[in-house]
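Tertiary structure, described
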Amino acid sequence: MTYSVKELRENLATKIIGLKIDPKFKENPGFDAAIELIDRQISQMNMFESAENILVQEAEGEISFTWISNLDGTKYTFSILRKDSKTICSVVTSERNEGYSTELGRELKSKTAKEIEVSLDVFGLNIRENGSIITNTQQDLNKCHNTSWAEQRKYNNKGVMSMREYKGFAPAELSKSIEHARVDEMLLVSRNAYVFGFWNDKYVDRTLLVREKLDCARVVKEDKAQGIKYCAVSMLNDEYGLRDMYLPGGSNPYPRDVIIEPMSSEDIDKLLQKERDPRVASGLKDYAIGRNTYHYNAYEDPHFVYTQVTGLKK
């Protein structure tokens, strides 16, 4: 079966469900978040009107297409694969020329691989993002610099994000030429970021969010480059609703004077009414229980941590 990328984007959820995955995916509103992430993989290719003319192939539980940008010559490959009835995976790779290096005497190239894996279990829906960028800036043509990152998100059975964790890794050496590096090799580190073993704690920066109440979450941050460890409760950004968890912006990523006051029933109701999906609203209502009496003060928190390079807690 063939159709255009434009049709794929307009019917993305339907096309993915058509790969014969478990119908329970659609029952979890977290699936909408997964669809948004997969659609973003395509939108970032900046196809514009070309999306009507690029053909997508669908066969044997897989959706795929290849496209070369007429703007900068970047080559994209995209696929959505049904791994089993409870797991789907989308992968996009992009390859581009980055200009000529007089020092190395050759064209510099980069290759990016981004993978999104969505799965169901008894607790809800899980989203894993794995990413890698390799460049041929090494003197040795048979080696590349590889920068990796990974992020996981967990949604409960009502579609409310309960946990989110990001890990970034320092550039490492990949013993392959950029032309022969395979996606499995590029994503080796990020795919093992949450598996107990060698790579689990080799990150250089980490951010973990665990929802505590309707509009606040426990935040654990570690920046090994700056020697900072941080653990506290933070308010969440509710500008776009509270299904997902986003931290407020600002110039101070490690606030120490954190005080969260109880919220009135009226303000709780206003937050709940922002959510249009009744299933998510029901899940958020569960997290709102006790919010009218919940109080947090970082100075009273036995788990509060702010440690700098010196190793002294402040």
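Residues numbered from 1 in each chain as written. Predicted model: local features only at pLDDT ≥ 70, side-chain atom pairs only at ≥ 80, totals over all residues. Heavy atoms only, no water.

Across its full length, the protein carries 8 helices and 16 strands. In terms of its C-alpha atoms, the protein occupies a principal-axis envelope of roughly 60 × 50 × 35 Å. Evaluated residue by residue, the protein yields a buried proportion of 48% over its 314 residues. A sequence separation of at least 24 residues applies to 59% of the contacts in the protein between residues at least 6 apart. Element-wise, carbon and sulfur atoms account for 50% of the exposed surface of the protein, whose accessible area totals about 16700 Å². Taken as two groups, the 44 positive and 48 negative side-chain charges of the protein have centres that lie 3 Å from each other. (Helix = DSSP H or I, 4+ residues; strand = E, 2+ residues; numbered from the N terminus. Buried < 20%, exposed > 50% of the residue type's maximum accessible area, 1.4 Å probe, protein only. Contact = heavy atoms within 4.5 Å. Areas by Shrake-Rupley, 256 points an atom, 1.4 Å probe, with all protein chains shown as cover. Lys, Arg positive; Asp, Glu negative; His and termini not counted. Charge placed at Lys NZ, Arg CZ, Asp CG, Glu CD.)

Let us look at the state of the cysteines. Counting across every chain of the model gives 0 disulfides. No disulfide involves Cys216; its nearest neighbouring cysteine sulfur is the one of Cys231, lying 13 Å away. (Disulfide = S-S within 2.5 Å.)

Glancing now at the nonpolar core. In terms of nonpolar packing, the biggest core is built from 51 residues, with Leu8, Ile16, Phe65, Phe78 and Ile127 touching the most fellow members. No other element matches the 7 residues that helix α4 (residues 30-43) contributes to this core. Judged by nonpolar contacts, the second largest core, of 13 residues, contains Val233, Tyr254, Phe304 and Tyr306. (Core = buried A, V, L, I, M, F, W, Y, C linked by side-chain atoms within 4.5 Å.)

All right, on to the pattern of salt bridges then. Taken as a whole and judged by the stated rule, the model has 26 salt bridges. Between Glu173 and Lys143 there is a salt bridge, and its shortest N-O distance comes to 3.4 Å. Here Glu173 is found in strand β10 (residues 172-174), whereas its partner Lys143 is found in the loop between β7 (124-135) and β8 (144-156), with 30 residues between them in sequence. Residue Arg218 pairs with Glu212 through a salt bridge whose shortest N-O separation is 3.9 Å. Given the relative accessible area of 15%, Arg218 is considered buried. Through salt bridges with shared partners, a single network forms among Glu115, Lys176, Arg182, Asp184, Glu185 and Arg191. (Salt bridge = Lys/Arg side-chain N within 4 Å of Asp/Glu carboxyl O.)

Quick look at the environment of Thr74 now. Structurally, the position occupied by Thr74 is in the loop between β3 (62-68) and β4 (75-84). Sequence-wise, Thr74 and Glu129 are 55 residues apart; in three dimensions their C-alpha atoms are separated by 22 Å. Aside from chain neighbours lying at most four places away, what touches Thr74 is Trp67, Ile68, Ser69, Ser94, Glu95 and Arg96. Side chain to side chain, Thr74 and Asp72 meet in a polar contact 2.8 Å long. (Polar contact = N/O pair within 3.5 Å; in protein donor to acceptor, adjacent residues only side chain to side chain.)

Our focus in this paragraph is the environment of Arg182. On the secondary structure map, Arg182 appears in the loop between β10 and α5 (183-186). Separated by 121 residues in sequence, Arg182 and His303 place their C-alpha atoms 43 Å apart.

Looking now at the packing of aromatic side chains. Under the counting rule described, the total for this entry stands at 9 aromatic pairs. With centroids separated by 5.8 Å and ring planes inclined at 15°, the aromatic side chains of Trp67 and Tyr76 adopt a geometry described as stacked. Classification of Tyr76 by relative accessible area gives buried; the value is 9%. Summarising the aromatic geometry, the rings of Tyr254 and Tyr306 are spaced 6.2 Å apart at their centres and angled 70° between planes, so their arrangement reads as edge-to-face. Placement of the pair is Tyr254 in the loop between β13 (228-235) and β14 (259-260) and Tyr306 in strand β16 (residues 305-307), with a sequence separation of 52 residues. Of the two residues, Tyr254 and Tyr306, both sit in the buried class. Three or more aromatic residues joined by ring pairs make a cluster, and in this case those are Tyr230, Tyr254, Phe304 and Tyr306. The residue whose ring lies beneath Lys202 is Phe198, and the NZ or CZ to ring-centre distance is 4.4 Å. (Phe/Tyr/Trp six-rings, centres within 6.5 Å; stacked < 30°, edge-to-face > 60°. Lys NZ or Arg CZ within 6 Å of the ring centre and 35° of its normal.)

In terms of burial, β7 is a largely internal element, 9 of the 12 residues being buried. Sheet topology note: the strand β6 (residues 106-121)/β7 ladder contains 12 bridges and is antiparallel. From the neighbouring strand, Ala113 faces β7, where its bridge partner is Ser132. Connecting the antiparallel pair β6 and β7 is a turn made up of 2 residues. Bridge analysis of β7 against β8 gives 12 bridges, and the strand direction is antiparallel. Bridge pairing in β8 links Gly131 to Trp149. (Pairing = 2+ DSSP bridges.)

Another aspect to go through is α4. If you check α4, its first and last C-alpha atoms are 20 Å apart, about what 14 residues at 1.5 Å a residue would give, namely 20 Å. Three or more residues of α4 are buried, namely Gly30, Phe31, Ala33, Ala34, Ile35, Leu37, Ile38, Asp39, Gln41 and Ile42. (Expected span 1.5 Å × (residues − 1).)

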